[in-house]
Amino acid sequence: MYEQVNVNLGERSYPIFIGAGELNTIGDRMNNVGLTGKVAVVTNPLVYRLFGREVIKNLEMAGFRPFVIKIPDGEEYKTLNVASSIYDKLVEHRLERGSSILALGGGVIGDIAGFAAATYLRGLPYIQAPTTLLAQVDSSVGGKTAVNHPKGKNLIGAFYQPKAVIIDIDVLKKLDLRDIKAGMAEIIKYGIIRDADFFSYLEDKWEEMLRLGDGILYAIKRSCEIKAEVVVADEREEGLRSILNFGHTFGHAIESVTEYKRYRHGEAVAIGMALAGEISYRLGLCNETAYKRAKRLISKAGLPTEAPTVPFDKMFMAMELDKKILDRKMRFVLMKDIGKVVIKELGKGDLQSLVST
Ligand SMILES: NC(=O)c1ccc[n+]([C@@H]2O[C@H](COP(=O)([O-])OP(=O)(O)OC[C@H]3O[C@@H](n4cnc5c(N)ncnc54)[C@H](O)[C@@H]3O)[C@@H](O)[C@H]2O)c1
Ligand SMILES: [Zn+2]
């Protein structure tokens, strides 16, 4: 049994398949979207050890000629240098138009393999097989690909949509609880920005979901649907798509001032969402109940809601580096209610008085 969500972008449309055991369908799914021949499977040693052999076997059975490109595990390897080492392997194996790339791993693998696919020969078809909850509900859908620059995250990248996304929920059993919770942060985000009913559902089911029981399949599907809807309305983030950044301007700043060591991305986003909720309430944009509900669910899901103690100026500088600056005022996604957000510009002064009183 599987669920399917479609991302409707004209000739760049693609399906997302979600279900238990989906990795065993990968070859057929790839055939069905018209792929054949060589496949470069980009992954890391850990993910390869867990699922690599099974995927390779499945691809071979479906008539593909797969080979593996392993890159080291970790955000610090999402760089142009490592992308360049992927190009070397693609050249070595003579990948040509018609061949494809399969990203097998978490968000780091998805972003860098997608970037390599977008740029090698001006674009090779690629497939996302995300193996972390965060990658399943967020990074594998929507076509943002990137590598980091020493001065900032995701500064070099391209919008480039995959040909399909294949989500196997069984792989989540191998993840740490901490990573499940980090993925939950993004799931909660979808409820807050777009769907009050989904938020209520999460309020009921969060505990079972952390145990990967009932509800996880629906939560992943609903998250993908919401992301797809937003991406279809605004593929290149000229407007609506920025609502997906709810909690992220603060979240990215928190990740940056703590040097990407203390928090998982989802944890920093959880704090960022709690902060954005509090600011929304203080500005009178949402009522106290809405803000408190958001904060309570984040905290019940085992995620942090309090910012680390960091001088305001340091946080502000980190926010300025995050690329959402427009004429020195920063744009923030704030809450109007559960399920509704609004974008507001705030200056440094506004912000300082809001977060430090
Ligand atoms: N492109 C986008 O739209 C988008 C959106 C959100 C985040 N991102 C990017 O995603 C990245 C974060 O992704 P992430 O949280 O998946 O981190 P990650 O890719 O580093 O994965 C976290 C850890 O889990 C391991 N892992 C992967 N699958 C596993 C499994 N099934 N069982 C056990 N361990 C497993 C990985 O090897 C890694 O050590 C960041 O680089 C971020 O910028 C991109
Ligand atoms: Zn995120």
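Bear in mind the structure is a predicted one, so any value in this text is a computation, not a measurement. (Residues numbered from 1 in each chain as written. Chains lettered and ligands numbered in written order. Predicted model: local features only at pLDDT ≥ 70, side-chain atom pairs only at ≥ 80, totals over all residues. Heavy atoms only, no water.)

(A) Spatial organisation of the environment of Thr249. Its place among the elements puts Thr249 in helix H9 (residues 248-257). Separated by 27 residues in the primary sequence, Thr249 and Ala276 have C-alpha atoms spaced 9.2 Å apart. (Helix = DSSP H or I, 4+ residues; strand = E, 2+ residues; numbered from the N terminus.)

(B) Up close: the packing of aromatic side chains. For the structure on display, the rule yields 9 aromatic pairs. Between Tyr126 and Tyr160, the ring centres sit 5.6 Å apart and the planes meet at 10°, which makes this aromatic pair stacked. In this pair, Tyr126 is assigned in strand S6 (residues 126-130) and Tyr160 in the loop between strand S8 (152-159) and strand S9 (164-168), connecting sequence segments 34 residues apart. Aromatic ring contacts, followed pair by pair, group Phe198, Tyr201 and Tyr218 into a single cluster. If you follow Arg29 out to its NZ or CZ, it ends over the ring of Phe17, 3.9 Å from the centre. (Phe/Tyr/Trp six-rings, centres within 6.5 Å; stacked < 30°, edge-to-face > 60°. Lys NZ or Arg CZ within 6 Å of the ring centre and 35° of its normal.)

(C) Looking closely at the layout of surface pockets. Within this model, the second largest pocket holds a volume of roughly 350 Å³. Forming the walls of the second largest pocket are 19 residues, and the residues nearest its centre are Leu275, Ala307, Pro308, Met315 and Val355. Secondary-structure elements contributing two or more residues to the lining of the second largest pocket are helix H10 (265-282), helix H11 (288-300), helix H12 (312-321) and helix H13 (348-356). Top contributing element to the lining of the second largest pocket by residue count: H10, with 4 residues. Of the residues belonging to the lining of the second largest pocket, the class tally is 13 nonpolar, 3 polar and 3 charged. (1 Å grid on protein atoms, 1.4 Å probe; cavity = no way out; pocket = protein on both sides within 12 Å on 5 of 7 lines; lining within 4 Å. Points joined across faces, edges and corners; volume = space filled by probe spheres on them. Nonpolar A, V, L, I, M, F, W, Y, C, P; charged D, E, K, R; others polar.)

(D) A look at empty space enclosed by the protein. Inspection of the entire model under this criterion finds 1 cavity of 30 Å³ or more. Of the voids in this model, the largest cavity is the one considered here, and its volume is about 60 Å³. Looking at the largest cavity, it is lined by 14 residues, and the ones nearest its centre are Gly105, Gly106, Gly110, Gln128 and Ala135. Of all elements in the fold, only strand S5 (100-105), helix H4 (107-119), S6 and helix H5 (133-139) reach the threshold of two or more residues within the lining of the largest cavity.

The quantities given are spatial measurements derived from coordinates; they are silent on function.
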